[in-house]
Amino acid sequence: RRNGPDNNRNTINLLIFFTVSSLMGILLAITFLVFNIVYMRERVIKMSSPIINNIILLGAVLLYSYVPLQALMMGINDFSILDENHLIKFCSAKVQYWVFNIGFTTTFGALFAKTWRV
């Protein structure tokens, strides 16, 4: 395994790419959420269970937000000057995994409820 400037640059480029992709996913999910709320009274949207769709989208936003939190955590671990401050790293790691678990549970639970309903 190489540990040179090229490997570090590739890691940073991948971090930026996936963070930007995740932020675009968050914006897209929020756009769908707004669309779903605005047109909730329309027949087609009403037939698709808009409340459950909103819960799925909120879970998706939480899942998408895991990636920037992971990138921030990698930045804290790899490029941090404050190595003595372990409390920030510990709390950041806990928040990161809570966001992922709550997002997955919310999304999967709402999808399961929607499938159960049909």
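The preceding data block contains the structure.
Positions within a chain are numbered from 1, following the residues in the order the chain's sequence is written. The predicted nature of this model means local features are confined to residues of pLDDT at least 70 and side-chain atom pairs, given and counted, to a pLDDT of 80 or more, with totals for whole chains, interfaces and linings taken over all residues. Where side-chain values are given, they derive from all heavy atoms of the structure, hydrogens and water being excluded.

Draft legend 1. Examining the overall build of the protein chain more closely. Counting from the N terminus, the helices are the DSSP runs of H or I reaching at least four residues and the strands are the DSSP runs of E reaching at least two. Along the backbone of the protein chain there are 4 helices and 0 strands. The order of helices and strands in the protein chain, counted from the N terminus, is α-α-α-α. A burial count over the protein chain gives 26% of its 118 residues as buried. Contacts were defined at the residue level, with two residues in contact if any of their heavy atoms lie within 4.5 Å. Restricting the contact set of the protein chain to residue pairs at least 6 apart, pairs at least 24 apart contribute 73%. Partly exposed residues are those whose accessible area sits between 20% and 50% of the maximum for their type, while under 20% is buried and over 50% is exposed, using a 1.4 Å probe and protein chains only.

Draft legend 2. Just the nonpolar core, in detail. Buried Ala, Val, Leu, Ile, Met, Phe, Trp, Tyr and Cys residues that are joined via side-chain atoms within 4.5 Å together make up what is termed a nonpolar core. Core analysis: the largest hydrophobic core is formed by 5 residues, namely I26, A29, L33, L57 and V61. Among the secondary structure elements, those contributing two or more residues to this core are α1 (5–38) and α3 (50–79). No other element matches α1, which puts 3 residues into this core. Every residue in contact with A29, bar those within four places of it in the chain, is listed here: L57 and V61.

Draft legend 3. Molecular detail of unusual backbone geometry. One non-glycine residue, S49, lies in the positive phi region at around 60°. Its location among the elements puts S49 in the loop between α2 (43–47) and α3.

Draft legend 4. Spotlight on the packing of aromatic side chains. Any Phe, Tyr or Trp ring, taking Trp's six-membered ring, that has another such ring centre within 6.5 Å forms a pair; planes under 30 degrees apart are called stacked, those over 60 apart edge-to-face, and the others tilted. In total, this model carries 6 aromatic pairs according to the counting rule given. Aromatic side chains F104 and F108 sit 5.8 Å apart centroid to centroid with 5° between the ring planes, which places their arrangement in the stacked category. In this pair, F104 and F108 both sit in helix α4 (residues 86–117), 4 residues apart, roughly one turn of the helix. By the ring-pair criterion, three or more aromatic residues cluster together here, those being Y66, Y97 and F100.

Draft legend 5. Fine view of a nonpolar patch on the surface. A cluster of nonpolar side chains, contributed by I30, V34, F35, V38 and Y39, occupies part of the molecular surface with about 460 Å² of accessible area. Tracing the backbone through its elements, the reader meets V34 in helix α1. Judged by its relative accessible area of 47%, V34 falls in the partly exposed class. Patch criteria: residues need more than 30% relative accessible area and no salt bridge. Like-charged residues are merged within 9 Å; nonpolar side chains of Val, Leu, Ile, Met, Phe, Trp and Tyr are merged within 5 Å. Here the accessible surface of atoms and residues is derived via Shrake-Rupley with a 1.4 Å probe, and residues count as covered only by protein chains that are part of the display. Salt bridge, as applied in this entry: a Lys or Arg side-chain nitrogen positioned within 4 Å of an Asp or Glu carboxyl oxygen.

Draft legend 6. Seen up close, the side chain of T19. Within the element layout of this structure, T19 appears in helix α1. Judged by relative accessible area, T19 falls into the buried class, the value being 16%. Between N or O atoms, a polar contact is any pair within 3.5 Å; within protein, one atom must be a potential hydrogen donor and the other a potential acceptor, and residues adjacent in sequence are included only when both atoms are from side chains. Among the polar contacts made by the side chain of T19, one reaches the main-chain carbonyl oxygen of L15 at a distance of 2.7 Å. For T19, the contacting residues outside a window of four places in its chain are V67, P68 and A71.

Draft legend 7. Structural view of the side chain of Q96. Assignment of secondary structure puts Q96 in helix α4. Judged by relative accessible area, which is 2%, Q96 ranks as buried. For Q96, the contacting residues outside a window of four places in its chain are Y66, L69, Q70 and M73.

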